[in-house]
Amino acid sequence: MTSPLSPATLGTDQAAARLHEFTVIDVRTPGEYAAGHLPRALNIPVDQLRHALPELRHAAGRGVLLMVCASGARSGNACALLAEQGIPAATLAGGTTAFAAAGHDLERPVACDARSGWAMERQVRLTAGTLVLLGLLLGVLVHPAFALLSAGVAGGLVFSALTDTCGMAVVLGKLPHNRPRPADLAATLAALRTR
């Protein structure tokens, strides 16, 4: 193994201008990927990245790997994992959210299930808000102890912000509507070999 590399971070406009030069790897869940991804991006969920290391190493030898997720956190972790293996990669600052906000188009597969249309961040906001309101309502109408539900959600949101992780997103990601299809790692790796 070689020494760890420092992953590069590219801004949205910089990445968009050079997108044709990159092999774009989207490390989000298949449901998030199906809701919209960078043009020509291949989906290798972060939990399957280790299985793809040989192909990623080969692809990195042909050009720059650009790792992408929703906000840049998971793709940053993916770049760190690749760097530990001696595979150079860059990450997109702000992820697909920033890319779309900057006015760049995302690809949306024609076969995308309409149920997967809500981004994970929106689903988390809806769930957290619903749980807070439910805790407050039950605390007033049933028993004051139900207000602890609202306090628990608030604590979870603070923890999420401090650690840049989201346990609620992990749980919501396991719901059937967020997994419209399993990631076809074999097909993705075959496509990666031809790029």
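Residues numbered from 1 in each chain as written. Predicted model: local features only at pLDDT ≥ 70, side-chain atom pairs only at ≥ 80, totals over all residues. Heavy atoms only, no water.

A. Here's a closer look at the pairing of strand β4 (residues 64-68). Among the five residues of β4, four are classified as buried, and the element is accordingly described as predominantly covered. Note: strand β2 (residues 22-26) against β4, five bridges, orientation parallel. Directly across from I25, in β4, lies its bridge partner M67. Bridge count between β4 and strand β5 (residues 90-92): two bridges; the pairing is parallel. Residue L66 lies in a different strand from β5, and its bridge partner there is A90. At this point the chain moves from β4, through helix α4 (residues 73-84), to the parallel β5, and the crossover so formed is right-handed. (Buried < 20%, exposed > 50% of the residue type's maximum accessible area, 1.4 Å probe, protein only. Helix = DSSP H or I, 4+ residues; strand = E, 2+ residues; numbered from the N terminus. Pairing = 2+ DSSP bridges. Right-handed = clockwise from strand over helix to strand, strands pointing away.)

B. Representation of the packing of helix α3 (residues 53-62) against helix α9 (residues 185-194) within the structure. It is at 9 Å that the axes of α3 and α9 come closest, and there the two elements cross at 25°. Classified by the interaxial angle, the pair formed by α3 and α9 is roughly parallel. The handedness of the crossing between α3 and α9 is left-handed. Where α3 abuts α9, its residues E55, L56, A59 and R62 lie against L189, L192 and R193. A breakdown of the residues in the contact of α3 with α9 according to their chemical character gives four nonpolar, no polar and three charged. (Axes fitted to C-alpha atoms, helices over the stretch in contact; angles between N-to-C directions. Parallel < 35°, antiparallel > 145°, perpendicular 65-115°, else oblique. Left-handed = near helix turned anticlockwise from the far one by under 90°. Contact = heavy atoms within 4.5 Å. Nonpolar A, V, L, I, M, F, W, Y, C, P; charged D, E, K, R; others polar.)

C. Summary view of the pairing of β2. Of all five residues in β2, five are buried; the element is thus mostly enclosed. Here β2 shows no split at all, with F22, V24 and D26 on one side and T23 and I25 on the other all buried. In this structure, β2 lies alongside strand β3 (residues 42-43), joined through two bridges in parallel fashion. If you follow D26 over to β3, its bridge partner there is N43.

D. Layout of a nonpolar patch on the surface. A cluster of nonpolar side chains, L137, V140, L141, V142 and F146, forms an exposed patch at the surface whose accessible area comes to about 520 Å². Of note, F146 is situated in the loop between α6 (120-141) and α7 (147-163). (Patch = residues over 30% accessible without salt bridge, like charges linked within 9 Å, V, L, I, M, F, W, Y side chains within 5 Å. Areas by Shrake-Rupley, 256 points an atom, 1.4 Å probe, with all protein chains shown as cover. Salt bridge = Lys/Arg side-chain N within 4 Å of Asp/Glu carboxyl O.)

E. Spotlight on the sheet that holds β5. On the basis of which strands lie adjacent, the open sheet formed by five strands has the order β1-β5-β4-β2-β3 and parallel pairing. The open sheet has two edge strands with one neighbour each: β1 (8-10) and β3. Alignment of β1 against β5, held across three bridges, turns out to be parallel. Paired with T9 across the bridge in β5 is T91.

F. View of the confidence of the model for the chain. Overall, the predicted model of the chain reaches an average pLDDT of 86, with 89% of residues at or above 70. Overall, residues 112-116 carries pLDDT values under 50, and its contacts beyond four positions in sequence, including any with other chains, amount to eight contacts. (pLDDT = per-residue confidence, 0-100.)

G. Summary view of the packing of α6 against α7. Two elements in contact, α6 and α7, have axes separated by 6 Å at closest approach and are oriented at 155°. Our classification of the angle between α6 and α7 gives roughly antiparallel. As α6 packs across α7, the resulting crossing turns out to be left-handed. Residues A128, L131, V132, L134, G135, L136 and G139 of α6 pack against A147, L149, S150, V153 and L157 of α7. For the contact of α6 with α7, the per-class residue count stands at nine nonpolar, three polar and no charged.

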